[in-house]
Amino acid sequence: MKTKMAAAALLLLPFTGQYALAEEAVDEEKSTLTISAELGFLFKTGNTKSGDIKAGINIKHEEGRWLNLLTFNALAKKLETEDEDTGKDEFESTDNKWDILGQTNYSLEEGGKNYLYGSAYYQQDKFSSFAYQTSASFGWGRHWWETETSSFFADIGPGVKYDVIRAMPATETDAAIIENGETAAIVQAQALYTKQINEFVEFKQYFVAKQAFESDKNSVYKSETSLTTKLIDSLQFKFAFRVDYDTQVEEGFEKMNTETSVTLVYSF
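Note that the structure is a prediction, hence the values are computed from the model and not measured.

Caption draft 1: Main features of the nonpolar core. Within the largest apolar cluster, five residues are counted, these being Ile100, Tyr122, Ala131, Tyr132 and Val164. Excluding anything up to four places from it in sequence, Val164 contacts Ser129, Phe130, Ala131, Tyr132, Glu179, Asn180 and Gly181.

Next up, the structure:
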């Protein structure tokens, strides 16, 4: 409980949003606060009945040398199955997860390339081997290049990660697992590449690694590739492919999970 409260407190600070990196150059003519929300639905009927919902919100705030972003993502999936006891059809959750990410960047020089950052992350995934995962990091970053059509931002720094192993009941072959937490010192490295293909289409590639110092501790790697097409000034169509990889998971769980999504993004 104390760990959850500490993580929540960190995330209430003015942190960075999507991808924990600056996504575009400071433009004094634009508002210092921008908000975008994305939403996607998929409902299937017929031989298979299911419903998927993906939602997210991104907040970006710029003031002077400060850049603050905050991102929230949620995914829920339900599949119709037949109850073995009653024979009746019912909807069963097959995916249920959410995460929140925040980061604050401070530019070391006015209009310069180097910055200091502090970030925090929290995730709950009902169908993973972890009840929840959280991490915090601080360090140095740099705008390696930035043109009118492309940019590459990256940062690196030390941090700490805390994973809570999910409790599991005993089975015929495996002993019960008691919920327990694991703390690990990490090095976090993340990067974002952005390419404006034309007036309407934008490509983004994000990657983050949370490498534990000890080989027997869980390390985390995440990647997201997205293609966004502008429909109108405030509405975009987004296709994204996400990969999550944990090096240490409990038996019966996959180390790598992928997610493909199509959403509409509305900018305020």
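Caption draft 2: Quick look at a nonpolar patch on the surface. Taken together, Ile197, Leu227, Leu231, Ile232, Phe237, Phe239, Phe241, Val262 and Leu264 make up a surface patch of nonpolar side chains, about 790 Å² in accessible area. Elements with a minimum of two residues in the nonpolar patch: strand 10 (220–232), strand 11 (235–246) and strand 12 (256–267). Within the secondary structure layout, Ile197 lies in the loop between strand 8 (180–196) and strand 9 (201–212).

Caption draft 3: Structural detail: the side chain of Asn58. Within the secondary structure layout, Asn58 lies in strand 2 (residues 50–63). At a separation of 3.0 Å, a polar atom in the side chain of Asn58 contacts the side chain of Thr71.

Caption draft 4: Region of the structure containing the packing of aromatic side chains. Under the counting rule described, the total for this entry stands at 11 aromatic pairs. On the basis of an interplanar angle of 50° and a centroid distance of 4.7 Å, the ring pair of Trp66 and Tyr106 is categorised as tilted. Here Trp66, found in strand 3 (residues 66–82), pairs with Tyr106, found in strand 4 (residues 89–107); they are 40 residues apart in sequence, far enough to count as distant. Residue class for Tyr106 comes out partly exposed when judged on its relative accessible area of 28%. Between the aromatic rings of Phe72 and Trp98, the centroid separation amounts to 5.9 Å while the plane-to-plane angle is 35°, which identifies the pairing as tilted. Remark: Trp98 occurs in strand 4 and Phe72 occurs in strand 3; sequence separation between them is 26 residues.

Caption draft 5: View of the pattern of salt bridges. This structure, assessed with the given rule, holds 12 salt bridges. One salt bridge in this structure joins Arg242 and Asp99, with 3.4 Å as the shortest N-O distance. Pair noted here: Arg242 is in strand 11 and Asp99 is in strand 4, with a separation of 143 residues, a long-range link. Pair check on accessibility: Arg242 and Asp99 agree, each one buried. With a shortest N-O distance of 3.5 Å, Glu214 and Lys217 are connected by a salt bridge. Residue Glu214 is classed as partly exposed on the basis of its relative accessible area of 45%.

Caption draft 6: Here's a closer look at the pairing of strand 5 (residues 114–125). Among the 12 residues in strand 5, 10 count as buried, and that is most of the element. In terms of strand pairing, strand 5 meets strand 6 (residues 130–146) through 10 bridges, oriented antiparallel. In the strand pairing of strand 6, Gln123 is matched with Gln133. Here strand 5 hands over to strand 6 after four residues, the two strands then running antiparallel side by side.

Rules and cut-offs
Residues numbered from 1 in each chain as written. Predicted model: local features only at pLDDT ≥ 70, side-chain atom pairs only at ≥ 80, totals over all residues. Heavy atoms only, no water. Core = buried A, V, L, I, M, F, W, Y, C linked by side-chain atoms within 4.5 Å. Buried < 20%, exposed > 50% of the residue type's maximum accessible area, 1.4 Å probe, protein only. Contact = heavy atoms within 4.5 Å. Patch = residues over 30% accessible without salt bridge, like charges linked within 9 Å, V, L, I, M, F, W, Y side chains within 5 Å. Areas by Shrake-Rupley, 256 points an atom, 1.4 Å probe, with all protein chains shown as cover. Salt bridge = Lys/Arg side-chain N within 4 Å of Asp/Glu carboxyl O. Helix = DSSP H or I, 4+ residues; strand = E, 2+ residues; numbered from the N terminus. Polar contact = N/O pair within 3.5 Å; in protein donor to acceptor, adjacent residues only side chain to side chain. Phe/Tyr/Trp six-rings, centres within 6.5 Å; stacked < 30°, edge-to-face > 60°. Pairing = 2+ DSSP bridges.

The analysis is restricted to geometry; functional conclusions fall outside its scope.
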